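Below, each chain spelled out in residue letters.
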Amino acid sequence: MSRSLSRQGAFHKMDVNKPGQQRDSYFNLYLVTCAVNLVSVAVGSVVTWTSPTLPKLLQPNDRLTITDDEGAWIGSLLALGAIPGPLLITLIVDKIGKKLSLLLCTMTIFVHWIIIASINSLQAIYVARFIAGMASGVVYNLVPVYVAEISPDEIRGLTGSFMLFFIYFGSCISYTVGPYTSISVLIMLLAAIPLVTMPLFIWIPESPYYLMNKGQKQQTFSTLQCLRGYPSPEVIQREMDALEEMMEKSHFEKLHSGSLITQMTQAKIWKPIYYACVLIFFQQMTGFCAALFYTETIFQKASPSISSSNSAIICGLVMWASGVIIPFMGKLFRIKNVLCFSIIGCFFCLIILGFYFQAVEEGKSVEHFSWIPLLCLVTYLASYSLGLGSYTWVILAEILHPSVKTFASALATSLCWFLGFLVTRFFAPMVDALGSSGTFWFFSIFCVFGVIFIIVQLPDTQGKSFQEIQDLFSSKRGSMSDEEMNGVGQS
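One structure accompanies this document, and this report is about it.

### Side note on the overall build of the protein chain
A tally of regular secondary structure across the protein chain gives 26 helices and 0 strands. When burial is assessed residue by residue, the protein chain has 60% of its 491 residues classed as buried. In the protein chain, of all internal contacts separated by at least 6 residues, the share reaching a separation of at least 24 is 83%.

### A few points about the nonpolar core
Judged by nonpolar contacts, the single largest core of 129 residues is most densely connected at Trp49, Trp113 and Tyr380. When neighbours within four sequence positions are excluded, Trp49 is seen to be in contact with Ile74, Trp113, Ile116, Arg129, Ser174, Ile183, Leu186, Ile187 and Leu190. Counting residues in hydrophobic clusters, the runner-up holds 12 residues, among them Phe221, Ile236, Leu243 and Phe466.

### A look at the packing of aromatic side chains
Ring pairs (aromatic) are described by centroid distance and by the angle formed between their planes. Throughout the structure, instances matching the rule amount to 19 aromatic pairs. Where Phe165 meets Phe166, the ring centres are 5.2 Å apart and the plane angle is 85 degrees; that geometry is what we call edge-to-face.

### With respect to the environment of Leu388
For Leu388, the location among the structural elements is in helix H22 (residues 388-399). Given the relative accessible area of 0%, Leu388 is considered buried. C-alpha of Leu388 to C-alpha of Cys346: the two residues are 42 residues apart in sequence and 9.6 Å apart in space. Every residue in contact with Leu388, bar those within four places of it in the chain, is listed here: Gln283, Thr286, Leu339, Ser342 and Ile343.

### Focus on the pattern of salt bridges
All told, the structure shown has 3 salt bridges when counted by the stated rule. Note that Glu149 and Lys98 form a salt bridge whose closest N and O atoms lie 3.4 Å from each other. Of this pair, Glu149 sits in helix H8 (residues 122-150) while Lys98 sits in helix H7 (residues 93-118); the two residues are 51 residues apart in sequence, bridging distant segments of the chain. As far as the burial class goes, Glu149 and Lys98 line up, both buried. Glu244 is the partner of Lys217 in a salt bridge, and the nearest nitrogen-oxygen pair spans 2.7 Å. Remark: Glu244 occurs in helix H14 (residues 233-256) and Lys217 occurs in helix H13 (residues 217-227); sequence separation between them is 27 residues.

### Re helix H21 (residues 372-386)
Taking 1.5 Å of rise per residue, the 15 residues of H21 would be expected to cover 21 Å, and the 21 Å separating its terminal C-alpha atoms lies within 8% of that figure. A large share of H21 lies buried, amounting to 12 of its 15 residues. Those residues of H21 that sit buried are Ile372, Pro373, Cys376, Leu377, Val378, Tyr380, Leu381, Ala382, Ser383, Tyr384, Ser385 and Leu386.

### Some remarks on the state of the cysteines
Applying the stated criterion across every chain, the model contains 0 disulfides. Here Cys349 is not disulfide-linked; the sulfur of Cys376 is the nearest cysteine sulfur, at 5.3 Å. For Cys349, a relative accessible area of 6% translates into the label buried. For Cys447, which is in no disulfide, the shortest distance to another cysteine sulfur is to Cys346 and amounts to 5.5 Å. Look at Cys447 and you get buried, because its relative accessible area is 2%.

### A few points about a nonpolar patch on the surface
Residues Leu88, Leu91, Ile92, Leu100, Leu104 and Met107 make up a contiguous nonpolar surface patch of roughly 510 Å² in combined accessible area. It is H7 that provides the largest number of residues to the nonpolar patch, a total of 3 residues. Structurally, Leu88 is set in helix H6 (residues 84-89). Given the relative accessible area of 44%, Leu88 is considered partly exposed.

Cut-offs applied
- Residues numbered from 1 in each chain as written.
- Predicted model: local features only at pLDDT ≥ 70, side-chain atom pairs only at ≥ 80, totals over all residues.
- Heavy atoms only, no water.
- Helix = DSSP H or I, 4+ residues; strand = E, 2+ residues; numbered from the N terminus.
- Buried < 20%, exposed > 50% of the residue type's maximum accessible area, 1.4 Å probe, protein only.
- Contact = heavy atoms within 4.5 Å.
- Core = buried A, V, L, I, M, F, W, Y, C linked by side-chain atoms within 4.5 Å.
- Phe/Tyr/Trp six-rings, centres within 6.5 Å; stacked < 30°, edge-to-face > 60°.
- Salt bridge = Lys/Arg side-chain N within 4 Å of Asp/Glu carboxyl O.
- Expected span 1.5 Å × (residues − 1).
- Disulfide = S-S within 2.5 Å.
- Patch = residues over 30% accessible without salt bridge, like charges linked within 9 Å, V, L, I, M, F, W, Y side chains within 5 Å.
- Areas by Shrake-Rupley, 256 points an atom, 1.4 Å probe, with all protein chains shown as cover.

As C-alpha cells, this is what we get:
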C-alpha cells in the first residue's frame, strides 16, 4: 500500500521515523499525543484564569469592578457552559471527526479571549466564559477518546494520562503570570496559546477508528503505520483486521439492538456507563473545582500573613510537577490502587483543612500553624492530580461500548461539568452557611464513599484490549470474577 495519507499527507511531512530507519517506534504517537493536547493547555489556562483575576476585579480598578456574587457567576459559568458542550458535539462529531471538532474548540477558546479583551463589560465576560466552557467540555470529552483510539493497548494508559499534564501546564501559566501582570496582559498571553495551536491541526491525523468507520482503509493503514513507527505491513494489517472486526461487530449490534433506550437494557452498555458516571461523581464531589477556581481566595481567608498569590503559584507548580509523574503511576502501580491512594490523600487533607479553619473561625491563634493550609492544599491537589484527576478519564475512554461511546462519553463529561458548576457556584454560599470547616468536611464525606466504590465495585481493565474490556461487561459471561473486578493490591 502507498504510504501517502491522501488528505492527511501533511502528517507524514512531520514524521521523524521514516520507513527503513527506526522501526516499530512510538515516537510519532507521542508527538501526535502532545500536539493534540496543546488544546488542553488552552483549557487549563481558561479554567484557572479566575484565580488571579477575580481578586483584582473585586477591588477598585480601571477595567471593571464586580461584586462577590458576580465573581461567583464568572467562576461558575465556565462549568455551566461545559454541560451542553459534550452533548451538542455528538450531533456532528461522527460526521466531521474528532480532529476537526477539536480544532473548532481551539478556535472557540481563542474567540472567547478576543471577546473579553475587546468588550469591557460584565455581560461580555459572562458570554465568553459560557462559550469557552462549551469548548472545554468538548475537549475533556474528545481528547481522552481520541488518544485512546490512536494508542496501542500496552501504552494506552500512559498516553491517556498526558491530558492532565498539559491542562496543569496551562493552569500553571495563569497561576504564575496572573498575579504579576495586568488583566489585559494576561488575556493577551493566554490568547496566544490557542492561536499557536490551531496551525498544528494541519499535521495531526484523524483517528483510525473514524477513518475505518468511513471505509477509508488505505488512510487507516497509512495512519496506523506512521503512528506505530513503520513496523512490518503484516503487523499493521493484524491491527487493522482486529479493528475492523470490532467495528463490524459494533455496527451489527447497533443495527439489531434497536433504539438507545433498548440498548441501555444490555449489561455491556449500561454497566460501563454506570461505572463511568459514579466515578465522575466522586471525582467532582471531592471539591477540586472549588479549590482550583478559588485558590487565592481560600488562602486569603486561611492566612492573611502569607501571600495568597505566592501560595497559588506554589499550588500551580505542584500540580504541574504532579503531571510529570502521572504517566508513570499507571506503569508502576495498578490504576485502581492509584485511585484509592488518590482519594484517601484528598480525604485526610480535607479533614485537616477543616480543623484548621475551625480554629480560625473560633478565633484561636493559628500564627504558628499558618503553613498548614498551604501544605494541605498542595498535598490535596497533588493527590487528586495523580489519580482521580487523570486516570478517571483513562478509564472512561477504555470501558464505554463503541456503539454508544460518543453519547456515553458526552453524558459522563456533561455530568462532570454539571457537578463542577454546582460545586463552584455554591462553594461561597456553603462557606457562609457551614463555615469553611464544615464545607471541607462535607467534601471529605464523599471521599469515604468514593474509596469504597473503587475497591468494591470498579472493575480493573488495565492492560486489556478494547474487545477484552467489552467481553468483561458482557452479560453472556455472567458476573465478573474477583480478579477481574478488583485488581487492588496487585503490583
